[in-house]
Amino acid sequence: MWVSKVNELIGSSPEGFEQAARSVLARANRTLRGITGIEVIEKRVKIVDGRIDEYRVRLRLTFDMAPEAALHW
């Protein structure tokens, strides 16, 4: 039996929303295994001097947790 967990993470990029989401996924992949889905919860932009300075996304990541038989403790 598998159990999934959900985490919300926020990322940013000066290039765009897609790059902000990719930065979240890249960072999450360093510490989480088994990511199975991403839901975009919110998009925002930071404005400086009347121009878009930064794109921000809030994502909900779903990932599978290891079955009890695979735990190392």
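Here we summarise the structure given alongside this text. Counting starts from 1 at the beginning of each chain's written sequence and moves along it residue by residue. Reporting of local features is limited, given that this is a predicted model, to residues whose pLDDT is at least 70; pairs of side-chain atoms are given and counted only at 80 or more, and all residues count toward the totals for whole chains, interfaces and linings. For the side-chain quantities, the full set of heavy atoms in the structure was used; hydrogens and water were omitted.

Another aspect to go through is the overall build of the protein chain. Helix numbering and strand numbering both begin at the N terminus, where a helix is a DSSP run of H or I of at least 4 residues and a strand a DSSP run of E of at least 2. Counting its regular elements, the protein chain contains one helix and three strands. Taken from the N to the C terminus, the helices and strands of the protein chain come in the order β-α-β-β. Think of it in three bands: residues with accessible area under 20% of the maximum for their type are buried, residues over 50% are exposed, and the middle band is partly exposed, with areas taken using a 1.4 Å probe on protein chains only. The 73 residues of the protein chain split such that 18% are buried. Contact between two residues is taken to exist if any of their heavy atoms lie within 4.5 Å; hydrogens are not considered. Partitioning the intrachain contacts of the protein chain with sequence separation of at least 6 by distance along the chain shows that 63% fall at a separation of at least 24.

Let us look at the packing of aromatic side chains. Aromatic contacts are taken between Phe, Tyr and Trp rings whose centres are within 6.5 Å, Trp giving its six-membered ring; a plane angle under 30 degrees counts as stacked, one over 60 as edge-to-face, and the others as tilted. In total, this model carries one aromatic pair according to the counting rule given. With 5.1 Å between their ring centres and 80° between their planes, Phe-17 and Tyr-55 make a pair best called edge-to-face. Here Phe-17 is found in helix α1 (residues 17-31), whereas its partner Tyr-55 is found in strand β3 (residues 51-65), with 38 residues between them in sequence. In this analysis the charged atom, NZ for Lys or CZ for Arg, is taken to sit over a ring once it is within 6 Å of the ring centre and within 35 degrees of the ring normal. Here Lys-43 stacks its cationic end above the ring of Phe-17, 5.1 Å away from the centre of that ring.

Within the element layout of this structure, Glu-8 appears in strand β1 (residues 3-13). Overall, the relative accessible area of 39% leaves Glu-8 in the partly exposed class. Along the chain, Glu-8 and Leu-61 lie 53 residues apart, while their C-alpha atoms are 6.2 Å from each other. Pairs of N or O atoms within 3.5 Å make up the polar contacts considered here, provided that, within protein, one atom can donate a hydrogen while the other can accept it, and that residues adjacent in sequence are counted only when both atoms are side-chain atoms. Among the polar contacts made by the side chain of Glu-8, one reaches the side chain of Arg-58 at a distance of 2.7 Å.

Within the secondary structure, Ala-21 sits in helix α1. As for Ala-21 and Val-40, which are separated by 19 residues in sequence, their C-alpha atoms are 8.5 Å apart. With residues near it in sequence (within four places) discarded, Ala-21 still touches Val-57 and Leu-59.

The next thing to look at is the nonpolar core. Counting residues in each nonpolar core, the largest one holds eight residues, listed as Ala-20, Val-24, Ala-28, Leu-32, Val-57, Leu-59, Leu-61 and Phe-63. Every element with two or more residues in this core is listed here: α1 and β3. The contacts of Phe-63, once residues within four sequence positions are left out, are Val-3, Ser-4, Lys-5, Asn-7, Leu-32, Arg-33, Gly-34, Ile-35 and Thr-36. By convention a nonpolar core is built from buried Ala, Val, Leu, Ile, Met, Phe, Trp, Tyr and Cys residues, the set being connected through side-chain atoms within 4.5 Å.

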